[in-house]
Amino acid sequence: MGAPFWQSSPPGSIYDHIQVASFALDAEGHIEQWSARAEELLGVSAAEVLGRDAVEALVPEELRADVGEKVAEILDGREWTGLLPYRKPAVTDAAGATHPAVDGIAELYVMPTMGVGGARGALCLTVDAYALRRIETDLAASQAVFGQAPMGFLLFGTDLRLVRVNERVAAAFGGTAASHVGRSPRDYLPRPEAERVTAALKQVLDTGEPVTDMQILGPTPEDPLSGPAAPSAREGQAGSLRWSISLYRVHSGTGRAMGVAAIVSDVTRRRRAESEAASARRNLALLNEAGARIGNSLDLETTARELLGVTVPQFCDMACVDVYQSLLDGDEGRPGLADGSAELRRVAFASAVSDAPVTAVGSTHRFAFHSPHAAALRTAQVRRVPGGDSGLVQTTLAVPLVAGDTVVGLVQFSRARGSEDFGERDAALAEQLAARAAVCIDNARLYRREHSRALILQRSLLPPGDPEAAGLDIACRYLPGNTATEVGGDWFDVIELPGHRTALVVGDVMGRGLRAAVAMGELRSAVRTLAMLDLEPAEVLAALDEIAGGLGGVSDEVYLATCSYVVYDAVTRRCTFANAGHLPPVVVEPGEPPLLLEVPPGMPLGVGGEPFEEVEVELPDGALLALYTDGLVESRDHGLDEGLEEFRKALSDPAQPLEDVCDHVLDTLYTRHGEDDIALLMARIGGLPADTVGDWLLPAEPRSVALAREHARTQLAAWQLEPLIDTTELLVSELVTNALRHGEGGRSGGGEPEIRLRLLLDRTLVCEVWDSNLVQPRRRRARDTDEGGRGLQLVSMLSSNWGSRRTHRGKTVWYELALPGTGQERELDAEALLSAF
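Treat the numbers as computed from the prediction; the structure is a model and nothing was measured.

Let us look at the overall build of the chain. Within the chain, the regular secondary structure consists of 22 helices and 34 strands. Residue burial in the chain is summarised as follows: out of 837 residues, 46% are buried. The contacts of the chain with a sequence gap of at least 6 include a subset with a gap of at least 24, amounting to 62%. Entry remark: accessible area of the chain is about 41700 Å², with carbon and sulfur atoms responsible for 51%.

Set out below in structure tokens:
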């Protein structure tokens, strides 16, 4: 039952919003009544206006003429509506606060009145025009919300029942907007959801705190609720639609709670799109992470672990990677790859489940031909595999690792019991992840194969572990780069030269991989060939420079290399150095600090056009000579100068055994970085003792042949080499005779021509005959009718080795005999001698 009509309006009525005020005019147009609301609205007190002409009291001077005519018409019985500008003066309230003056416009409605006795007058109603326009705007907005808004709008009263709904709600749930008045949430929603909404309405009404984007489940469009008789929605399961509802409390002008407004929108599609977008973002993030983390290493096992690190547990609970064993062995054509039943090796495994079944990494296995795993390998297609007997696995995706047109292995992604099954989108994602990993794994496999082949090639071209040389104690080390670094072109060599001389070589081909190793092999072979020609060090490097310039072949690829070439003469104890862009040798003389030898650096081999210089240094017995490549003294962690200083410090105690010195250097310096190959060649100078050298100058006369035989016989007897006396005398006679016949002898200090005979005893016996003729001897086969030409045939038959080399003033012809007891000596064979002559 409503309130009595005489009851006053509750606080917050419409009049509080529109501020209606009134005053009255008498028959003369004077103000005879002035309400308190008029005083409040217009800011003029009754004392100021009562009895005054209304036009003069209220109307600005410039408008009084027009308004005066209107007032006369009104007093004659006509109504009038218009706008009246006013200015409310500044006032100070009881609290002492000053309120500034306000300019406004009042909408004025004037009605003629009739008093007692027929006296005419007028009643004036005035409203703040601005407040009225705001109410009109609010009404239009309300109409737009309730009649035109694309989202649902509901207004609940304080009893939590609907007072009003808009057309969008009526269209969604059926019926007219008026038919929904008086309903509650339970008339629209399943019981659990209705109770949630009712509790939220009560909370908003009690506290005034709004609730935004509250998600609820509602009925499907196929089962709309048209009224209270919809038990399926109230008692049954929630429908498939998802709604978003925002609640806020509605107040009157005085702050009184009038109810709760609700804004409702169907977010089913949005939520589905958001879910799909979130899934797509997760997948994209996973792919981005895979791109960033997979393939940073050229190690196959590391690459496989990187794949599992991305997918476990973000994508699956367990995963493993298997690669064909034959591919790891380098045999890509072995039968069994096509049908998926070939042997595989497990290279990585990861699990987020503590009790998951584990196949040991490194173990090998095969899949049965009819298994889904073999089918995946055979067809290069993803296969779903149901959980195994262990009961821990819900489902597995068997995804082939396909690189180009080659299946290199299989990755298995598994989810544990109770997890969500793999969907189509998961399978597509797994295939993309496997494809990225497959390329990186195959690259790592190919790199491993090339690295292994290059390393085998490089090691095969290095000298044996314990090279020997006359007058030198030698130790050497070679450390290849790690598997993450391609093999470089570092090499070293020890080449024995005639006359108990030794060539020490260290070089580095710029670049990496199999090509660099091949280039290194070609240069090393060229060095050995040039060294046997007994060229000077600078000449050897000049010839190598031309060879390096042609290594690119048809590809026009330029190969550059650095090289340090040293020739040591064990008799004179002199070292001749030549350098082609390589780091300088380090020399440590007894009692002296290590120093970098000042050798002209030269240009790298392959640059061309620049000459090479030589430096000759005499080294005392016990001196230490070290040749090395830049990997020993330079890395990302320290510069070259720092590395060279550390190297010199490591050689501060050179008196230790040479092998120990090498080990100390490698242990002291940072050599385990693996960034580059490292070659180290060290030699301790020994020289030949004076009593192992016989040296004589002979006049260029026929009698020198007999004199040479006598010197040789006496010297060999002193060395207790009697078994070699006959052979040595015979061969010395041949060489001295050839020097007299074909050579010009040698001039000592510009005097008469001389021939030099030298015998050297070390691991073999070497005989050298020197003359001044530059023409090299050439062995030829003499005809039966020839009287000569058989001397060099005799030398070749009886010696273990022979040859000739150029000197500064001519040439040296030499031969070498194995010492008795070595098992390599040759005996005089009469029949062979007769056949030769």
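Attention shifts here to the side chain of Asp534. Turning to its location among the elements, Asp534 is positioned in the loop between α15 (514–532) and α16 (537–549). A relative accessible area of 7% places Asp534 in the buried class. Residue contacts for Asp534: discarding those within four places in its chain leaves Pro498, Arg501 and Arg805.

The subject of this paragraph is the pairing of strand β2 (residues 31–34). Two faces belong to every sheet, and in a regular strand the side chains alternate between them. Across 3 bridges, strand β1 (residues 20–25) lies against β2 in antiparallel orientation. Counted as the bridge partner of Phe23 is Trp34 from β2. Count of turn residues in the β1/β2 antiparallel hairpin: 5 residues, of which Gly29 carries a positive phi of about 85°.

Bringing the packing of helix α10 (residues 268–293) against helix α11 (residues 300–311) into the picture now. Contact pair α10 / α11: the axes reach a minimum separation of 10 Å and the direction vectors enclose 155°. In terms of their interaxial angle, α10 and α11 are classed as roughly antiparallel. Note on packing geometry: the crossing formed by α10 with α11 is right-handed. Across the interface between the two elements, Leu286, Glu289, Ala290 and Arg293 of α10 pack against Glu306, Gly309 and Val310 of α11. Looking at the contact of α10 with α11 residue by residue, the class counts come to 3 nonpolar, 1 polar and 3 charged.

Our next topic: the pattern of salt bridges. For the structure shown, the criterion picks out 30 salt bridges. Close ionic contact of Arg477 with Asp663 constitutes a salt bridge, the shortest N to O distance being 2.8 Å. Taken together, the residues Arg477 in strand β19 (residues 472–479) and Asp663 in helix α18 (residues 658–668) connect sequence positions 186 residues apart. For Arg477, a relative accessible area of 19% corresponds to the buried category. Of the residues examined, Asp663 reaches a relative accessible area of 33% and is grouped as partly exposed. Members of the salt-bridge network, linked through shared partners, are Arg501, Asp534, Arg758, Glu768 and Arg805.

Fine structural detail should not be taken from predicted coordinates in areas where pLDDT scores are low. Averaged over every residue, the pLDDT of the chain is 81; residues scoring 70 or more account for 83%. Averaged pLDDT values over the elements of the chain bottom out at 35 in helix α9 (residues 231–235) and peak at 95 in strand β27 (residues 624–628). Low pLDDT (under 50) marks residues 745–749, which in the prediction has 14 contacts with non-local residues, meaning those over four places away or in another chain. Note that residues 784–788 has pLDDT below 50 and, in this model, 4 contacts with residues that lie over four places away or in other chains.

What follows concerns the sheet that holds strand β13 (residues 318–324). With antiparallel pairing, the 6 strands of this open sheet are ordered in space as β15-β14-β13-β18-β17-β16. Looking along the sheet, the strands with just one partner apiece sit at the ends: β15 (364–365) and β16 (383–386). With 2 bridges connecting them, strand β14 (residues 344–351) and β15 associate as antiparallel partners. The residue of β15 that forms the bridge with Leu344 is His365. α11 contacts β13, β14 and β18 (406–416) of the sheet and is inclined by roughly 35° relative to β14.

This brings us to the nonpolar core. Counting residues in each nonpolar core, the largest one holds 48 residues, and the members touching the most others are Leu307, Phe315, Val321, Leu401, Val411 and Phe413. Filtering out sequence-adjacent residues up to four positions away, Leu307 remains in contact with Ile294, Val321, Val411, Leu433 and Ala437. The next biggest cluster of nonpolar side chains, apart from the first, holds 32 residues, and it includes Ile474, Cys575, Leu627 and Ile685.

We now examine the packing of helix α19 (residues 703–718) against helix α20 (residues 725–742). It is at 9 Å that the axes of α19 and α20 come closest, and there the two elements cross at 150°. Read as a crossing pair, α19 and α20 show a hand that is right-handed. Two secondary-structure elements touch here, α19 through Ser704, Val705, Ala708, Arg709, Ala712, Arg713, Leu716 and Ala717 and α20 through Ile725, Thr728, Glu729, Val732, Ser733, Val736, Thr737 and Leu740. Across the contact of α19 with α20, the residue classes break down as 9 nonpolar, 4 polar and 3 charged.

Here is what the cut-offs are and how they apply
- Residues numbered from 1 in each chain as written.
- Predicted model: local features only at pLDDT ≥ 70, side-chain atom pairs only at ≥ 80, totals over all residues.
- Heavy atoms only, no water.
- Helix = DSSP H or I, 4+ residues; strand = E, 2+ residues; numbered from the N terminus.
- Buried < 20%, exposed > 50% of the residue type's maximum accessible area, 1.4 Å probe, protein only.
- Contact = heavy atoms within 4.5 Å.
- Areas by Shrake-Rupley, 256 points an atom, 1.4 Å probe, with all protein chains shown as cover.
- Pairing = 2+ DSSP bridges.
- Axes fitted to C-alpha atoms, helices over the stretch in contact; angles between N-to-C directions.
- Parallel < 35°, antiparallel > 145°, perpendicular 65-115°, else oblique.
- Left-handed = near helix turned anticlockwise from the far one by under 90°.
- Nonpolar A, V, L, I, M, F, W, Y, C, P; charged D, E, K, R; others polar.
- Salt bridge = Lys/Arg side-chain N within 4 Å of Asp/Glu carboxyl O.
- pLDDT = per-residue confidence, 0-100.
- Core = buried A, V, L, I, M, F, W, Y, C linked by side-chain atoms within 4.5 Å.

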